[in-house]
Amino acid sequence: LHQWQQGIFPALGLPKPEEVPHIMPVDLLFSKRVVLSELEDNHATEQYYKSIGTEEVRISGVEHLSEEGHNRDFIAFTLQTGSKDLSYELGDSLEIFPKNDEEDVGNFFREYSTEWDERTVIRLSHAFGVHDEISVGAVFTNVLDIFGKPNMSFLQKLATFEEDADKRKVMLD
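Worth saying up front: this structure is predicted, and the values here are computed from it rather than measured.

## A closer look at the nonpolar core
In terms of nonpolar packing, the biggest core is built from 14 residues, with Ile122, Leu124, Ile134, Val139 and Phe140 touching the most fellow members. Per element, the largest residue contribution to this core is four residues, and it comes from helix H4 (residues 136–142). Setting aside residues no more than four positions away along its own chain, Leu124 makes contact with Val26, Asp27, Leu28, Val130, His131, Asp132, Ile134 and Val139.

## Quick look at the sheet that holds strand E5 (residues 133–135)
Through backbone hydrogen bonds, the strands of a sheet pair up, either in parallel or in antiparallel fashion. Taken in spatial order, the three strands of this open sheet run E1-E4-E5, and their pairing is antiparallel. Only two strands of the sheet have a single partner each, and these edge strands are strand E1 (28–30) and E5. Here the strands of the sheet are splayed against their neighbours by 35° on average, with no regard to which way each runs. As defined by bridge partners, strand E4 (residues 121–124) adjoins E5 across three bridges and the pair is classed as antiparallel. From the neighbouring strand, Val121 faces E5, where its bridge partner is Ser135.

## Here's the deal with the side chain of Asp41
Within the fold, Asp41 resides in helix H2 (residues 38–51). For Asp41, which is buried and forms no salt bridge, the nearest opposite charge comes from Arg33, at a distance of 9.1 Å. A polar atom in the side chain of Asp41 sits 2.5 Å from the side chain of Ser135. Not counting chain neighbours up to four residues away, the residues in contact with Asp41 comprise Leu36, Ile134, Ser135 and Ala138.

## Observations concerning helix H3 (residues 102–112)
Looking only at H3, the buried set comprises Val105, Gly106 and Phe109. Buried residues in H3, looked at end-on, bunch into an arc of 100°, giving them a common side. Exposed residues pointing more than 90 degrees away from the buried face of H3 are listed as Glu103 and Glu111. Summarising the contacts, the buried residues of H3 are in contact with H4. Two or three places before Glu103, at the start of H3, stands the capping residue Asp101, its side-chain oxygen 3.2 Å from that residue's backbone nitrogen.

## So, the pairing of E4
As paired strands, E1 and E4 are joined by three bridges and run antiparallel to one another. Note on E4: the bridge partner recorded for Leu28 is Leu124.

Definitions and cut-offs
- Residues numbered from 1 in each chain as written.
- Predicted model: local features only at pLDDT ≥ 70, side-chain atom pairs only at ≥ 80, totals over all residues.
- Heavy atoms only, no water.
- Core = buried A, V, L, I, M, F, W, Y, C linked by side-chain atoms within 4.5 Å.
- Buried < 20%, exposed > 50% of the residue type's maximum accessible area, 1.4 Å probe, protein only.
- Helix = DSSP H or I, 4+ residues; strand = E, 2+ residues; numbered from the N terminus.
- Contact = heavy atoms within 4.5 Å.
- Pairing = 2+ DSSP bridges.
- Axes fitted to C-alpha atoms, helices over the stretch in contact; angles between N-to-C directions.
- Lys, Arg positive; Asp, Glu negative; His and termini not counted.
- Salt bridge = Lys/Arg side-chain N within 4 Å of Asp/Glu carboxyl O.
- Polar contact = N/O pair within 3.5 Å; in protein donor to acceptor, adjacent residues only side chain to side chain.
- Arc of directions from axis to C-beta.

Below, the structure is given as structure tokens:
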């Protein structure tokens, strides 16, 4: 494999890339199904959350700790979980998995494509922990952050496809 990697770019008449970040391609196919029921879509979404070991908690209380007009906003959240096994000690970290607004995702798809929308059904092969059919709307609502600021890892992966060396350098730095 190593010899093949060394020889593939010259054989294709291409310069060897300076840096190729690790990219995991997503194995996806468009499904023949037109639409999924809400129950099927929710089941596929649950597969994603289970694959990354999450535990669902609900915010049962919010207390604002900052004085009115303070330049920082300190808020205390009370979390409620259905499991008594979840413990949180001082110094532990808690990761939050926000969701994109479904209406914003729908608007994004209407602007992006006239051929398919958030109800379009795809079949994933263990991508995002899902090995089933799921709507692209569910993926873009629950899994992919299409409205947030890109992180460095994303920019490094995207830089692989940038042809301009100066732009690629900025993306990698």
